[in-house]
Amino acid sequence: MGIAEETQVPGNRTFVASTEIKGSKILTVKDEKLGTIKEVMIDSERGRIAYVVFACDCFLGMKCKFFAIPWGALHASRGDYILKVDKEAFKTAEGLDEDVWTLNHNDLAKVYEQYNLHPYWEI
């Protein structure tokens, strides 16, 4: 078995550079802009995207906040990402510290629970 055979990728997989994800818009299903992806957080032990750090646009008079969004809660659409939530949900939601975006497993499990997703490390 040669190197080329070992590195061939099935045609149905899509790969995206993290630099293309960062800066992408997050929209509601109603095509309303929620904000942008500021960072992609990777679980280096498991080799998986754990979550993205999302900067919520300042809307409805609220202060700008940062949130952790499970990768599985986002759906790619034309270079942007769709999140199935109402934008009002972020108005009262607790965000991340402006300069501390890392979460421990307990905090991340709570984030996954908010989105009704099983944590990726349990699947």
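Preceding this paragraph is the structure being described.
Owing to the predicted nature of the structure, the values given are computational and were not obtained by experimental measurement.

What about the pattern of salt bridges?
Here is step 1: Counting across every chain of the model gives two salt bridges.
Here is step 2: For the salt bridge of Lys22 with Glu39, the shortest nitrogen-to-oxygen distance reads 3.5 Å. Of this pair, Lys22 sits in the loop between helix 2 (18-21) and strand 1 (25-27) while Glu39 sits in strand 2 (residues 33-43), and the two are 17 residues apart along the sequence.
Here is step 3: Judged by relative accessible area, which is 24%, Glu39 ranks as partly exposed.
Here is step 4: Residue Asp43 is joined to Arg46 by a salt bridge in which the shortest nitrogen-to-oxygen separation is 3.1 Å.
Here is step 5: Take Arg46: its relative accessible area is 40%, and that puts it in the partly exposed class.

Considerations on helix 4 (residues 105-114)
Here is step 1: For helix 4, the full list of buried residues reads Leu108, Val111 and Tyr112. The buried residues of helix 4 occupy one face: seen down the axis, they fall within an arc of 100 degrees. Away from its buried face by more than 90 degrees, helix 4 exposes Asn106, Lys110, Glu113 and Gln114.
Here is step 2: Among the structural elements, strand 3 (48-56) and strand 4 (66-70) are those in contact with the buried residues of helix 4.
Here is step 3: The N-cap of helix 4, judged by a side-chain oxygen 3.0 Å from the amide nitrogen of Asn106 a few residues on, is Asn104.
Here is step 4: Following helix 4 by one or two positions, Asn116 has its phi on the positive side, about 55 degrees.

Quick notes on the rules
Residue positions are counted from 1 within each chain, in the order its sequence is given. Local features are withheld for residues below a pLDDT of 70 in this predicted model, meaning they are given only at 70 or higher, and side-chain atom pairs are given and counted only at 80 or more; totals for whole chains, interfaces and linings count all residues. To obtain the side-chain values, all non-hydrogen atoms of the structure were used and water was disregarded. Definition used for salt bridges: Asp or Glu carboxyl oxygen within 4 Å of a side-chain nitrogen of Lys or Arg. Only DSSP runs of H or I covering at least 4 residues are called helices, and only runs of E covering at least 2 are called strands; the numbering of each starts at the N terminus. When a residue's accessible area, from a 1.4 Å probe over protein chains only, is under 20% of the maximum for its type it is buried; when over 50% it is exposed; and in between it is partly exposed. Our arc is simply the arc of the directions from the helix axis toward the C-beta atoms. Contact criterion: two residues are considered in contact whenever any of their non-hydrogen atoms come within 4.5 Å of each other. Whenever a nitrogen or oxygen atom comes within 3.5 Å of another N or O atom, the pair is scored as a polar contact, on the condition that within protein one atom can donate a hydrogen and the other can accept it, and that pairs from neighbouring residues in sequence are kept only if both atoms are in side chains.

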